[in-house]
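An overview of the molecular structure
Read off the chains here:
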Amino acid sequence: MNFSEILDKTQQHISKMFNTTPDLESMENHIQHFLLQNRYATEETVQELSSRLLDEMQGYSILTPLLSQEDVEEININRWDDVKITYTNGETLPAPQHFLSPSHAIDIVRRMLLASNMVWDNSSCIQVGHLTGNIRVTVVGFDILDKDAALAVSIRKITASDLPREGFINGGTCTENMIDFLRELYIHGVSLCIAGSTGSGKTTLLSYLIKNVPGHKRLITVEQGTREFDCIRRNETGKVSNSVIHLQTRLSENENQSVTQEKLLETMMTMNPDYIAVGKSKGAEAMQAINAANTGHAVITTTHANSCEDVYFRLISLCKLKYPNMDEELLTQLAVRAFPITVYIKKMEDNSRKILQICESQYENKKVKTLPLFQFNLKRNSKEKVQGKFEQVNPLSERLCNQLLENGLDKHWLKIFANNKMKKEEKSL
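In what follows, the accompanying structure is described. Computed from a predicted model, the values in this text were never measured in an experiment. Position numbers for residues count from 1 along each chain, tracking the sequence in the order it is written. At least 70 in pLDDT is required for a residue's local features to be given in this predicted model, at least 80 for side-chain atom pairs to be given and counted, and no such filter applies to totals for whole chains, interfaces and linings, which use all residues. Excluded from the side-chain calculations are hydrogens and water; all other atoms, namely the structure's heavy atoms, are used.

1. Concerning the overall build of the chain
For the purposes of this entry, the term helix denotes a DSSP run of H or I that reaches at least four residues, the term strand denotes a run of E that reaches at least two, and both are numbered from the N terminus. Scanning the chain from terminus to terminus reveals 14 helices and 16 strands. Considered along the principal axes of its C-alpha atoms, the chain spans approximately 80 × 55 × 50 Å. For every residue, the accessible area obtained with a 1.4 Å probe (protein chains only) is divided by the maximum for its type, and the residue is called buried under 20%, exposed over 50%, and partly exposed between those limits. Counting all 429 residues of the chain, 48% fall into the buried class. The contact definition used throughout considers only heavy atoms, calling two residues in contact when any of these lie within 4.5 Å. A separation of at least 24 residues holds for 56% of the contacts in the chain among residues at least 6 apart in sequence. Here the accessible surface of atoms and residues is derived via Shrake-Rupley with a 1.4 Å probe, and residues count as covered only by protein chains that are part of the display. Within the structure as shown, the chain displays about 21,500 Å² of accessible surface, and the carbon and sulfur contribution to it stands at 46%. Here the positive residues are Lys and Arg and the negative ones are Asp and Glu; neither His nor the chain ends is included. All charge positions are set by atom: Lys at NZ, Arg at CZ, Asp at CG, Glu at CD. Averaging the positions of the 49 positive and the 53 negative side-chain charges in the chain gives two centres separated by 6 Å.

Next up, the structure:
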């Protein structure tokens, strides 16, 4: 008897035994007894088979063990019988199992979306939901996909790594001067925008920087769907020792009940923040982030862009989606003034993350002038090992140096960040 038939008979048995859904332990005991009594399993195999049946009946089928597996970073379902797993080491491999049928895959994914009150049907053929544990589920299907595929799903664990300063340095992401430079800039009031693709390490870097905000200053974070940041600090008695508010969006099919990042940013401006962190700028919230940074707040955010120079094009494009008639030259000036420092981070072929550039930009003569301050000069990007040099190539501008001094930066740091006679070569890999 195959698994599908055993599942069907087990479900019939459980429905006869219980009028309501039993607790997990009772269900597991009854399933194991049923399997042994009907010789569907032996003493050696009953535990494994009952666990698999429980995943089908109360969990998410073949996805349940993968969701709890720590080394799994992403699950991509290309069609009901093609499931690929991306692991934290960068490998992408086929899943050990696939769904039993197209309808089976659809039933399981609908169950996942119900966890975030999302209904997936032909009228709503694209849905984005979230599971506990910071897992984002993006689903497409019906008329926009080949019928024999049934569905396409991207399941991504989006928890940011809690990486310390030494982790960035020892892992080859950047040099000591680079990570200290970004930290000191942000905590002394200079707004930053971190660019890169999905999985490049943007959020991990942002998370480290905001955790250095002084305890007596007020930090408010805004995230979409799930909460990745945890910046609340407690002393030895358990008392909160800093001032942090974590906010996240609430999405709903009823537009009146949705709370977007844009709305949260608009609201938080009345809550007297000293520092603002926007997890991702990928919509109308980009305009609010620019406005906040231009009104004296230290703002840090991430966006999808392919270089430091492209950050402003990306931010302006996002703003124009909401404000199509706004003057582009004005938008550019606002974006550059808001985020004078941009960072570009990339996941390399050997799965390491590298900060390829840190730049300072100014708007002059109706053009954006972008000057690299730190950069990684790449010699070889291979799966075996990336080779290149980190270099500090230009000093920080006098304008930003003066701003940092006004905000209390120790002169010791200026000798490192703004020394024209600095050592060019920082670190070779």
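Still more ground to cover, so stick around.
2. Notes on unusual backbone geometry
One non-glycine residue, Asn 365, adopts positive backbone phi at about 50 degrees. By secondary structure assignment, the location of Asn 365 is in the loop between strand S13 (353-364) and strand S14 (367-380). Positive phi is not limited to glycine here, since Lys 366 has a value of about 65 degrees. Along the polypeptide, Lys 366 turns up in the loop between S13 and S14. The exposure class assigned to Lys 366 is exposed, which follows from its relative accessible area of 63%.

3. Quick look at helix H12 (residues 328-338)
Within the span of H12, buried status applies to Leu 331, Thr 332, Ala 335, Val 336 and Ala 338. Angular distribution of buried residues about the axis of H12 spans 160 degrees; they occupy a single face of the element. The inward-facing, buried residues of H12 contact helix H10 (285-293), helix H11 (310-322), S13 and S14. Counted as a polar contact is a pair of N or O atoms within 3.5 Å, where, for protein atoms, one must be capable of donating a hydrogen and the other of accepting one, and residues adjacent in sequence contribute only when both atoms are in side chains. The distance from a side-chain oxygen at the start of H12 to the backbone nitrogen of Glu 329 is 3.3 Å, and the residue carrying that oxygen is Asp 327. In this context, the arc is that of the directions from the helix axis out to the C-beta atoms.

4. Points about the pairing of strand S7 (residues 192-195)
Of the two faces of S7, the one holding Leu 192 and Ile 194 and the one holding Cys 193 and Ala 195 are both buried throughout. Whether two strands pair depends on DSSP finding at least two bridges between them. Across four bridges, the pairing between S7 and strand S11 (residues 298-303) is parallel. Bridging across to S11, Ala 195 finds its partner in Thr 303. Across four bridges, S7 lies against strand S12 (residues 341-347) in parallel orientation. Bridge assignment links Leu 192 to a residue of S12, and that residue is Ile 341.

5. Notes on the packing of aromatic side chains
Two aromatic rings, taken as a pair, are described by how far apart their centres are and by the angle between their planes. Here is the rule: rings of Phe, Tyr and Trp (six-membered ring for Trp) pair when centre to centre is within 6.5 Å. Planes less than 30 degrees apart are stacked, more than 60 are edge-to-face, and the remainder are tilted. Within the structure shown, the criterion is met by five aromatic pairs. Aromatic side chains Tyr 186 and Tyr 275 sit 5.3 Å apart centroid to centroid with 65 degrees between the ring planes, which places their arrangement in the edge-to-face category. Highlighted residues: Tyr 186 in helix H7 (residues 176-187) and Tyr 275 in strand S10 (residues 275-278), separated in sequence by 89 residues. Exposure remark for Tyr 186: the relative accessible area of 0% places this residue in the buried category. On the accessibility criterion, Tyr 275 (5% relative accessible area) is buried. Criterion for a charge above a ring: Arg CZ or Lys NZ at most 6 Å from the ring centre, at most 35 degrees from the ring normal. Its guanidinium or amino end placed over the ring of Phe 376, Lys 354 lies 5.9 Å from that ring's centre, counting from NZ or CZ.

6. Here we look at the sheet that holds strand S1 (residues 72-79)
Pairing within the open sheet is antiparallel, and its six strands lie in the order S3-S2-S1-S6-S5-S4. Two strands lie at the open edges of the sheet, namely strand S3 (92-94) and strand S4 (126-131), each paired on one side alone. Taking each pair of neighbouring strands and ignoring which way they run, the sheet shows an average axis angle of 20 degrees. As paired elements, S4 and strand S5 (residues 135-141) share six bridges and run antiparallel to each other. Residue pairing for S5: Val 128 is matched across the bridge by Thr 138. Under this scheme, a helix contributes an axis fitted over its contacting stretch, all axes are lines through C-alpha atoms, and angles between N-to-C directions fall in the 0 to 180 degree range. Where helix H5 (residues 102-114) meets the sheet, it contacts S4, S5 and strand S6 (151-157), and its direction lies at approximately 40 degrees from that of S6.

7. Some points on the side chain of Ser 61
In this fold, Ser 61 is placed in the loop between helix H3 (46-57) and helix H4 (63-68). Taking relative accessible area as the criterion, Ser 61 reaches 3% and is therefore assigned buried. Within the structure, the side chain of Ser 61 is placed 3.5 Å from the side chain of His 104, a separation counted as a polar contact. In contact with Ser 61, other than residues within four places in its own chain, are Asp 55, Glu 56, Phe 99, His 104 and Ile 108.

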